[in-house]
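This is what each chain is made of:
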Amino acid sequence: MYRLPSLAPNPAAAVCRDFFVVCRHFIARLVLVGLLIGAGLFAGGIAAAQSAPPQPFVTSPPASIPAWGDPYQLNSAANAGVAPAVGIFGNGGFLNGPIFGGSQGYTATAPYIVDDPYYLGNAQPPGLNAPIVDMPPTMQSGMLGGSFMGNLGQRLDSRFYFRAEYLLWDTSGMGTPPLVTTSPAGTPQDIAGVLGEPGTSVLFGGGKINGGATSGFMTRSGMWFTKEQRASLESEFFWVGGQDDGYTGYSDGSVILARPFFDIDSGQETAQLLSYPDIVSGSVNVQSDSELMSYLLSGRFALCPPTGTCCQPCGARERTDWLIGYRYLKLEDSLQINESLQSELTSAPGSVALTDNFRTKNQFNGLQLGVIHVEPLQRGWFESALRVALGNNKQTLNINGNTTYTESGVTDTYPGGLYAQRTNSGSFTRDQFVFVPELRLRLGLRVTDRFHFTIGYSALYLPNVIRAGEQIDTDINPGLIPEESDPLTGALRPQVQWIQSDYIAHGLNLGGELQF
């Protein structure tokens with residue numbers, strides 16, 4: 001009995017797969033421990049806020065310049081001693097106003113000068129040494145008691161960030177062999193629609209499909225653990241899809257339609273006729289779909305934060321962060337061919353319905369590493385990121401087909417179509433170890449203290465992937481076409497091919513970032 005060639009085990013891929021299974025369990029436990037620690041700190045903060053005595057009122061500016069609610073440290077030093085910008089947690093904001101017991105804020109009685117709205121140094125501008133208020137503000141009791149919600153809001157202010165972007169990317173298409181052909185009227189039946197014959201032209205296939213420009217979206221959110229913004233936990237998700245090239249054709253016999261293949265018994269090109277004058281009429285429909293999605297959960301750690309002295313050469317206006325985490329990528333393709341034929345021969349009436357279905361899935365699980373650099377500008381910031389993921393790509397291939405004959409009111413269904421026969425039908429998997437590099441460039445333009453408009457460029461390279469259209473084997477033993485010949489002679493074709501290619505997705509990102 002013939003068996004499909006077995007796939008040799010890949011020790012490196014197996015070790016890699018086991019390693020990342022352990023990593024996933026470790027990350028899950030690490031996140032759980034972090035949540036428990038965070039809950040403890042939150043409870044401790046509540047107790048401290050309820051038991052802490054009222055703080056004395058300060059009538060002179062503080063000795064150091066605090067960060068006023070900007071993850072990229074872009075606010076002016078002239079804001080020292082003045083209430084942070086109104087926001088969700090800001091002084092006078094929703095959770096820090098009189099309703100919840102927050103402070104009314106400070107009122108400056110002397111003017112101050114702002115020379116640089118994005119000043120990040122430690123020098124104090126003129127006018128900052130003037131008395132801040134003439135009398136202390138009135139503290140409100142609030143609905144939730146004292147200034148508890150105000151203190152909590154000040155602790156959490158500017159710890160969170162959320163980014164949403166529209167993606168206009170260009171992606172790599174998948175190759176297909178010629179799938180539908182035609183020939184001029186009057187072409188002899190034995191060469192109609194046959195590749196390489198005079199007049200034969202390809203209506204669909206024979207190149208790349210599901211490539212070029214397409215749309216998608218990306219979201220990213222995170223939380224800084226400390227007000228100095230030295231470490232954060234962030235997640236990212238993006239999806240790119242909607243690529244569905246296809247073809248639909250119908251003819252009553254007047255226009256020749258065919259599906260080409262190579263007959264391995266005769267050793268020459270031939271074709272299955274879908275429409276030919278006075279012999280057969282029919283239709284053909286080719287459908288395809290491609291989509292890419294990604295999920296990332298990572299920790300972000302400051303190598304050179306915008307405050308402190310950990311990295312003097314970086315300067316006070318820049319920050320550089322390391323990135324480490326878990327990355328999941330999925331590239332999925334499908335290609336389906338449906339045909340319906342009606343005999344035009346009075347001596348052999350009947351109809352045929354046939355389907356070929358090819359589906360591929362590439363699922364990457366791996367370790368994500370990277371570095372992010374942020375450079376503040378006069379009215380915004382510029383971010384550059386270089387990331388690489390290394391891990392296992394699980395390739396899954398599904399092939400199936402069926403044929404239905406209806407003759408004299410009797411219907412029979414058989415497994416197998418034209419390109420999908422019992423020799424290559426089924427579900428197949430294998431593992432490949434790959435590196436996935438990625439480049440990100442973004443320019444942020446400040447609209448308000450908390451909202452930034454973003455525009456950027458992204459490029460992702462995913463090597464060693466399988467695509468649905470590239471797994472079609474057009475070398476066919478005609479004896480396998482239902483109903484299969486008995487006994488069958490000749491080679492068992494088509495077969496599983498495992499053709500690999502590289503996938504590139506790159507393009508424009510357009511959106512905004514909210515800091516709160």
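Everything numeric here is computed off the predicted structure, so don't read it as measured data. (Residues numbered from 1 in each chain as written. Predicted model: local features only at pLDDT ≥ 70, side-chain atom pairs only at ≥ 80, totals over all residues. Heavy atoms only, no water.)

Chemist: What is the right way to read the overall build of the chain from this model?
Modeler: A tally of regular secondary structure across the chain gives two helices and 19 strands. Within the chain, the fraction of its 516 residues that count as buried is 43%. Sequence-distant contacts, at least 24 apart, represent 77% of the contacts inside the chain between residues at least 6 apart. Element-wise, carbon and sulfur atoms account for 61% of the exposed surface of the chain, whose accessible area totals about 24600 Å². (Helix = DSSP H or I, 4+ residues; strand = E, 2+ residues; numbered from the N terminus. Buried < 20%, exposed > 50% of the residue type's maximum accessible area, 1.4 Å probe, protein only. Contact = heavy atoms within 4.5 Å. Areas by Shrake-Rupley, 256 points an atom, 1.4 Å probe, with all protein chains shown as cover.)

Chemist: I tried to follow the packing of aromatic side chains on my own but got confused; where do I start?
Modeler: In this description, an aromatic ring pair is defined by two values, namely the gap between the centres and the angle between the planes. On inspection of all chains with the given rule, the structure shows eight aromatic pairs. With 6.4 Å between their ring centres and 35 degrees between their planes, Phe-217 and Trp-239 make a pair best called tilted. With a gap of 22 residues between them, Phe-217 in strand β6 (residues 212-224) and Trp-239 in strand β7 (residues 231-243) connect regions that are remote in the sequence. Residue Trp-239 is classed as partly exposed on the basis of its relative accessible area of 28%. When the centroid spacing of 5.4 Å and the interplanar angle of 85 degrees are considered together, the rings of Phe-433 and Phe-435 count as edge-to-face. In this structure Phe-435 comes out as partly exposed when scored by relative accessible area, which is 48%. The ring of Tyr-419 carries Arg-259 above its face, with NZ or CZ at 4.8 Å from the centroid. (Phe/Tyr/Trp six-rings, centres within 6.5 Å; stacked < 30°, edge-to-face > 60°. Lys NZ or Arg CZ within 6 Å of the ring centre and 35° of its normal.)

Chemist: Even after reading the chapter, I still don't get the pairing of strand β16 (residues 426-446), so can you show me in this structure?
Modeler: Walk down a regular strand and you will see the side chains alternate between the two sheet faces. Pairing analysis gives 20 bridges linking strand β14 (residues 380-407) to β16, with the strands arranged antiparallel. By the bridge assignment for β16, Asn-393 is matched with Gln-432. As defined by bridge partners, β16 adjoins strand β17 (residues 451-466) across nine bridges and the pair is classed as antiparallel. Bridge assignment links Arg-446 to a residue of β17, and that residue is His-452. (Pairing = 2+ DSSP bridges.)

Chemist: Hey, could you run me through the environment of Phe-435 in this one?
Modeler: Note that Phe-435 resides in strand β16. Leave out the neighbours within four places in its chain, and Phe-435 touches Val-388, Ala-389, Leu-390, Tyr-461 and Pro-463.

Chemist: I keep staring at the environment of Phe-451 and nothing clicks. Help me out?
Modeler: Inspection of the secondary structure puts Phe-451 in strand β17. Note: C-alpha distance between Phe-451 and Phe-162 (289 residues apart in sequence) is 9.7 Å. Discounting residues that sit within four places of it in the chain, Phe-451 has contacts with Arg-446, Gly-512 and Glu-513.

Chemist: What's the story with the pattern of salt bridges in this structure? I'm lost.
Modeler: Side chains that differ in charge, positive against negative, can pair when their charged atoms come close. Overall, the coordinates contain 22 salt bridges when judged by the stated rule. In this structure, Arg-163 engages Glu-383 in a salt bridge whose closest nitrogen and oxygen atoms are separated by 3.5 Å. Of the two residues, Arg-163 sits in strand β1 (residues 160-171) while Glu-383 sits in strand β14, which places them 220 residues apart along the sequence. Both residues of the pair, Arg-163 and Glu-383, belong to the buried class. Arg-387 is paired through a salt bridge with Glu-438; the nearest N and O atoms lie 2.9 Å apart. Here the residue Arg-387 occupies a position in strand β14, and Glu-438 occupies one in strand β16, the gap between them amounting to 51 residues. Accessibility assignment for this pair places Arg-387 and Glu-438 in one class, buried. (Salt bridge = Lys/Arg side-chain N within 4 Å of Asp/Glu carboxyl O.)

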